[in-house]
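Understanding the architecture of this molecule
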Amino acid sequence: TDHDHEYDLAVLGSGPAGYTAAFRAADLGLKVALIERYDSIGGVCLNVGCIPSKALLHVGQVIDSAAHLGEHGVSFGEPDIDIDKLRGFKDSVVEKLTGGLAGMARKRKVEIVQGMGQFSGEHELVVEHEGSERTVGFNQCIIAAGSRVIEIPNVPWDDDRVMDSTGALELADVPERLLVIGGGIIGLEMACVYRALGSKVTVVEMMKQLMPGADADLVKPLQQHLKKQGVEFHLDTKVEKVEAGDSALTAHLDGKDAPDSADFDRVLVCVGRRPNGDQLNAEAAGVEVDDKGFIAVDGQMRTNRGHIFAIGDIVGQPMLAHKGSYEGKVAAEVAAGHKRAADARVIPSVAYTDPEVAWVGLTEGQAKDQGIDYGVGKFPWAASGRALGMDRSEGFTKLIFEKGSDRLIGAGVVGMHAGDLIAELALAIEMGCDAADIGLTIHPHPTLSESVMMAAEAYEGTITDLY
Ligand code: FAD
């Protein structure tokens, strides 16, 4: 029978998708095993992703703010960076959170099974750890095995001056000249960190625009800000190959405005991530994995096998922690017999660069492509007292409304704390807010959040019609 296995639920992978699912399922009364190959739970996000990167970005931002104050009569002098201590700070943040998770697992009696898990049957995983194997039988399973870095060819990966995001977060040193291959969110975040710590950073991006998922106007203030700080950009440029020399890594570039070659002390490759579906022996359970390694799921996060779910990076884009944890709750609740389905309208994206770039719902480009009759309300932060008071007025808030209904269908914010501001706009879309709902809501003064209200007011016609 299906109901006599050791665990009600096995969760494979302890990232934000997996631990959220495991905890929710345990809270709902299921006996849960959480399988993780590493000795620290929390997945990419806590160990080598969201959390350590944000700790370092915070430090970079403070360094820059302090330097910037020099223009206003307050000087601190050159930062004196103790890299070991800084690394220690970052590690301590990670340890607090992963340790906290382990405690939460204990409290819920979620059993953590350490080792590499692979399916050996429809209701069975074999977990291998340091040469010994253990079989975990389950009634239901949630696959939350996440993703890994994509390695590009023609780069000397065996040279320890070549790094992926994990290597960059290890903070071995502050290279004099750093090449970042890939101008997406992760590459740009790490570019901000290393630039603030003192590296001369060059970013090479194959597409014509940084962060190709966002509207070009939204990314521009970030690019200009970084350029002013000395970051060099080569867009529409391909890195043909990187050669390891004794004193430098030489990158050969192919792009209109790029030099044919340039020397660097370290190279960071951030060209994307691929799902881990190919490493699970999923066929033993009859679970279909596509040729890229993704696992297809339905609205309840079920795979083609009804008793096996999949969540997080492994089910597709966007590969974001908050998407994974949302899906984790849905899968756990369905597994526990609740009537539940994933029905989020939007998933916000945030680059925690300096300035931050955040967007939610449709971009203007998508609205155009879909032939939607839309209007834009934009509020430049040059008119925000709060932004001016921080001397950071390069940002703006942009709302995209559907003409006729005047409902919010998308939003973008660039500037300090954009990632926090975007939450209100995600809620506004989920709630079906129109321009008047947002524009007539009293926002506290003086805050950056006022820019949301002002952008709604700027959307032509609507609000004034209502007055
Ligand atoms: P993962 O976090 O990848 O966790 C999967 C876990 O499963 C891992 O611990 C892995 O060891 C384990 N595992 C895999 N296969 C097996 C197996 N066969 N047996 C046992 N264990 C296995 N997202 C954001 O939303 N905000 C951010 O600010 C952000 N910053 C990022 C910064 C960086 C540098 C990186 C790399 C990523 C960042 N992300 C961010 C993305 C985010 O980390 C991922 O979307 C998120 O971690 C995915 O969660 P997950 O639970 O699906 O998988």
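Provided above is the structure to which this section pertains.
Bear in mind that the values here come from a model prediction, so they are computed numbers and not experimental data.

**What to know about the overall build of the protein**
A tally of helices and strands in the protein yields 14 helices and 22 strands. In terms of overall size, the protein behaves like a compact globule, its C-alpha atoms giving a radius of gyration of 24 Å where 467 residues would be expected to give roughly 23 Å. Projected onto its principal axes, the C-alpha coordinates of the protein cover approximately 70 × 70 × 40 Å. Sequence separation of at least 24 residues holds for 65% of the intrachain contacts in the protein that already meet a minimum separation of 6.

**Examining the site of the ligand**
Near the ligand lie 37 residues; those nearest to it are Gly13, Gly15, Gly43, Gly146 and Gly312. For the shell around the ligand, the elements supplying multiple residues, two or more each, are helix H1 (16-27), strand E2 (32-36), helix H2 (43-48), helix H3 (50-68), strand E4 (116-121) and helix H8 (321-335). Within the shell around the ligand, the residues separate by chemical class into 17 nonpolar, 17 polar and three charged.

**What to know about the packing of H3 against helix H4 (residues 83-107)**
Relative placement of two packed helices is described by the angle separating their axes and the distance separating the axes. Contact geometry for H3 and H4: axes closest at 9 Å, N-to-C directions at 140 degrees. By the angle class used here, H3 and H4 are oblique. Judged by the twist between their axes, the crossing of H3 over H4 is right-handed. Across from Ile51, Pro52, Ala55, Leu56 and Val59 in H3, the residues of H4 making contact are Leu86, Phe89, Lys90, Val93, Val94 and Leu97. When its residues are assigned to classes, the contact of H3 with H4 shows ten nonpolar, no polar and one charged.

**Some words on the nonpolar core**
Counting residues in each nonpolar core, the largest one holds 88 residues, and the members touching the most others are Val180, Ala191, Val267, Leu268, Val357, Leu408 and Ile422. At ten residues, the largest contribution of residues to this core is made by helix H6 (residues 185-197). In this view, leucine 268 contacts Met163, Ala168, Leu178, Leu179, Val180, Ile181 and Met190; residues no more than four positions away in its chain are not counted. Ranked by size, the runner-up nonpolar core spans 51 residues in total, among them Val287, Met301, Ile308 and Val334.

**Quick word on unusual backbone geometry**
The peptide bond linking aspartate 354 to proline 355 adopts the cis configuration, its omega dihedral lying at 0 degrees. By the secondary structure assignment, proline 355 is in the loop between strand E18 (349-351) and strand E19 (356-361). Phi is positive for methionine 301, close to 70 degrees, though the residue is something other than glycine. Within the secondary structure, methionine 301 is located in the loop between strand E16 (273-275) and strand E17 (308-310). Under the C-beta neighbour-count criterion, methionine 301 is labelled buried, with 30 such atoms within 10 Å.

**Let's talk about the sheet that holds strand E11 (residues 232-234)**
Taken in spatial order, the five strands line up as E8-E15-E9-E10-E11 in an open sheet, and their pairing is parallel. Each edge of the open sheet carries a strand with a single partner, namely strand E8 (162-163) and E11. Taken together, the five bridges between strand E9 (residues 177-181) and strand E10 (residues 200-204) define a ladder with parallel strand orientation. Bridge pairing in E10 links leucine 178 to valine 201. Along the sheet face, H6 touches E9, E10 and strand E15 (266-269) and points at about 165 degrees away from the line of E10.

**A word on the sheet that holds E19**
Sheet architecture is open: five strands sit in the order E18-E19-E22-E21-E20, paired in antiparallel fashion. If you trace the sheet from one side to the other, it starts and ends with E18 and strand E20 (374-380), each paired once. Direction aside, the axes of adjacent strands within the sheet are offset by 10 degrees on average. Contacts between helix H13 (residues 450-458) and the sheet are confined to E20 and strand E21 (396-402), with E20 contributing the most and set at about 135 degrees to the helix.

**Looking at the environment of alanine 258**
With respect to the element layout, alanine 258 can be found in the loop between strand E13 (249-254) and strand E14 (261-264). On the basis of neighbour count, alanine 258 is assigned to the buried category, with 21 C-beta atoms found within 10 Å. Linking alanine 258 and methionine 416, residues 158 residues apart in sequence, is a C-alpha distance of 30 Å. Once you skip the residues sitting within four places of it in the chain, alanine 258 turns out to touch His234, Thr237 and Leu253.

**Let's talk about the pairing of E15**
Residue alternation in E15 divides its side chains into two sets, Arg266 and Leu268 and Val267 and Val269, and both sets are buried. In this sheet, E15 lies alongside E8 in parallel orientation, the contact comprising two bridges. Each residue of the ladder has a partner; that of valine 162, found in E15, is valine 267. The pairing of E9 with E15 spans four bridges and is classified as parallel. Directly across from leucine 179, in E15, lies its bridge partner valine 267.

About the criteria used
Residues numbered from 1 in each chain as written. Predicted model: local features only at pLDDT ≥ 70, side-chain atom pairs only at ≥ 80, totals over all residues. Helix = DSSP H or I, 4+ residues; strand = E, 2+ residues; numbered from the N terminus. Rg over C-alpha atoms; globule rule 2.2 N^0.38 Å. Contact = placed C-beta atoms within 7 Å. Near = placed C-beta within 6 Å. Nonpolar A, V, L, I, M, F, W, Y, C, P; charged D, E, K, R; others polar. Axes fitted to C-alpha atoms, helices over the stretch in contact; angles between N-to-C directions. Parallel < 35°, antiparallel > 145°, perpendicular 65-115°, else oblique. Left-handed = near helix turned anticlockwise from the far one by under 90°. Core = buried A, V, L, I, M, F, W, Y, C linked by C-beta atoms within 7 Å. Buried ≥ 20, exposed ≤ 12 C-beta atoms within 10 Å, placed from the backbone. Pairing = 2+ DSSP bridges.

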